[in-house]
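Commentary on secondary and tertiary structure
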Amino acid sequence: NAGVTQTPKFQVLKTGQSMTLQCAQDMNHNSMYWYRQDPGMGLRLIYYSASEGTTDKGEVPNGYNVSRLNKREFSLRLESAAPSQTSVYFCASSEILASGSSYNEQFFGPGTRLTVL
Amino acid sequence: GQQLNQSPQSMFIQEGEDVSMNCTSSSIFNTWLWYKQDPGEGPVLLIALYKAGELTSNGRLTAQFGITRKDSFLNISASIPSDVGIYFCAGQLHKLIFGTGTRLQVFP
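A short tour of the structure in this document, coming up. (Residues numbered from 1 in each chain as written. Chains lettered and ligands numbered in written order. Predicted model: local features only at pLDDT ≥ 70, side-chain atom pairs only at ≥ 80, totals over all residues. Heavy atoms only, no water.)

1. Digging into the overall build of chain A
Counted only if it meets this: For the purposes of this entry, the term helix denotes a DSSP run of H or I that reaches at least four residues, the term strand denotes a run of E that reaches at least two, and both are numbered from the N terminus. The quantity called the radius of gyration is restricted to C-alpha atoms. Its globule counterpart is 2.2 Å times the number of residues to the power 0.38. Note on classification: 1.4 Å probe, protein chains only; a residue is buried when its accessible area is under 20% of the maximum for its type, exposed when over 50%, partly exposed between these limits. A contact between two residues is defined here by any heavy atoms of the two lying within 4.5 Å. The Shrake-Rupley method, run with a 1.4 Å probe sphere, supplies the accessible areas, and residue values consider only the shown protein chains as cover. When charges are counted, Lys and Arg contribute as positive and Asp and Glu as negative, whereas His and the chain ends are disregarded. Where a charge sits is defined by one atom per residue type, namely NZ (Lys), CZ (Arg), CG (Asp) or CD (Glu).
Summing up its helical and strand segments, chain A has zero helices and 11 strands in all. Helices and strands in chain A line up, N terminus first, as β-β-β-β-β-β-β-β-β-β-β. Against the 2.2 N^0.38 benchmark of 13 Å for 117 residues, chain A shows a C-alpha radius of gyration of 14 Å, consistent with a compact globule. Across its three principal directions, the C-alpha atoms of chain A cover 40 × 25 × 25 Å. Relative to its 117 residues, chain A shows a buried fraction of 46%. Put simply, 58% of the contacts in chain A that link residues at least 6 apart link residues at least 24 apart. Element-wise, carbon and sulfur atoms account for 49% of the exposed surface of chain A, whose accessible area totals about 5300 Å². Computed over 10 positive and 9 negative side-chain charges, the separation of the two mean positions in chain A equals 8 Å.

Right, dumping it as structure tokens:
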């Protein structure tokens, strides 16, 4: 039972290159998330998927696209990488999407450290 | 975007000392959470708080949900070297908002 896995762990891109960050979870969770973490800023939500077949924008979606490939997998794509996208990217999953007064624990992957030159 | 104010930003303490950190917001939340992030890893949930005034412990960790619902506190007693890491608060009303983190360093 690996939980949430992410690939790659590290990546260096040149400005304008594209790449896809992969995420998979084996907990049969319905909801998945992509966050970015920058120094002094905590985690900010990029996109999320409440359930298979749906995706929604989070706080900082510009420059990214996502695909919920199936219940297990949720990928994040950078079509044309920019230096401002240098960050650590975390994928997370939860049983269902929390809303209102309910909370469902989010489980995080180990992160992908991306540098854009 | 909305973020929580977390303080202090960093702490350097001696092993055995107690630690306190807090999070404040201009908005109210229904749930407060505290996460710990070890170097090179993703955040892991430590404590979840669901009611204003609630005080919850997890081993040497104690967290409180502020009465106003706009703040929360985390205390670590008798710190040990493995407490090193970044501690994040997070508040939820309709979505989860993370604090800016407190980096804790423990010296033997």
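2. Here we look at the pairing of strand β9 (residues 85-92) of chain B
All names here are of chain B. Inclusion rule: In this scheme, strands are said to pair when DSSP sees at least two bridges between them.
For β9, a buried count of eight out of eight residues is recorded, marking the element as mostly surrounded by other parts of the structure. Relative to β9, strand β4 (residues 31-37) runs antiparallel, the two being bridged by seven bridges. Residue pairing for β9: glutamine 37 is matched across the bridge by isoleucine 86. Across three bridges, β9 lies against strand β11 (residues 102-107) in antiparallel orientation. In the strand pairing of β11, isoleucine 86 is matched with arginine 103. Pairing of β9 with strand β10 (residues 96-98) involves three bridges; the strand directions are antiparallel.

3. What about the state of the cysteines?
All names here are of chain A. For the record, the criterion: Disulfides are defined as cysteine sulfur pairs within 2.5 Å.
For the coordinates displayed, the defined rule picks out two disulfides over all chains. Disulfide pairing is shown between cysteine 23 and cysteine 91; the S-S distance is 1.9 Å. On the sign convention where negative means left-handed, the S-S torsion of about -70 degrees between cysteine 23 and cysteine 91 marks this disulfide as left-handed. Taken together, the residues span a long stretch of sequence, with cysteine 23 in strand β3 (residues 19-25) and cysteine 91 in strand β9 (residues 87-94) at a distance of 68 residues. Accessibility classification places cysteine 23 together with cysteine 91 in one group, the buried group.

4. Describing the environment of Gln92(B)
Along the chain, the position of Gln92(B) falls in strand β9. When the C-alpha positions of Gln92(B) and Pro39(B) are compared, they lie 25 Å apart, and in sequence the two are 53 residues distant.

5. A few points about the sheet that holds strand β1 (residues 5-7) of chain B
Residues and elements named next belong to chain B. The following threshold applies: Axis definition: a line fitted to C-alpha atoms, over the contacting stretch in the case of helices. Angles run 0 to 180 degrees between N-to-C directions.
Taken in spatial order, the five strands make up an open sheet running β1-β3-β8-β7-β6, and their pairing is antiparallel. Edge positions in the open sheet fall to β1 and β6 (55-58), since each of these has one partner strand only. Across the sheet, the mean angle from the axis of one strand to that of its neighbour is 15 degrees, orientation sign disregarded. Sheet topology places strand β7 (residues 61-65) next to strand β8 (residues 71-76); five bridges connect them, and they run antiparallel. Across the sheet, phenylalanine 65 pairs through a bridge with serine 72, a residue of β8.

6. Focus: the interface of chain A and chain B
The condition that has to hold: As a working definition, buried area equals the accessible area (1.4 Å probe) given up by two parts on being put together, with both sides summed. Here, a salt bridge means any Lys or Arg side-chain nitrogen found within 4 Å of an Asp or Glu carboxyl oxygen. For the purposes of these results, a polar contact is taken to be a pair of N or O atoms within 3.5 Å, where, inside protein, one atom must be able to donate a hydrogen and its partner to accept one; residues adjacent in sequence count only when each atom of the pair is a side-chain atom. The residue classification treats Ala, Val, Leu, Ile, Met, Phe, Trp, Tyr, Cys and Pro as nonpolar and Asp, Glu, Lys and Arg as charged. All others, Gly included, are polar.
Tallying the contact residues gives 20 residues for chain A and 22 residues for chain B. Across the chain A/chain B interface, buried area totals approximately 1700 Å², and carbon plus sulfur atoms make up 53% of it. In this structure, the connection of chain A to chain B is made through zero salt bridges. Along the contact surface separating chain A from chain B lie one residue pair in polar contact (both at pLDDT 80 or more). For the side of chain A that touches chain B, the secondary-structure elements that each account for two or more residues are β4 (31-37) and β5 (43-49) of chain A. Of the residues contributing to the side of chain A that touches chain B, the split by class is eight nonpolar, nine polar and three charged.

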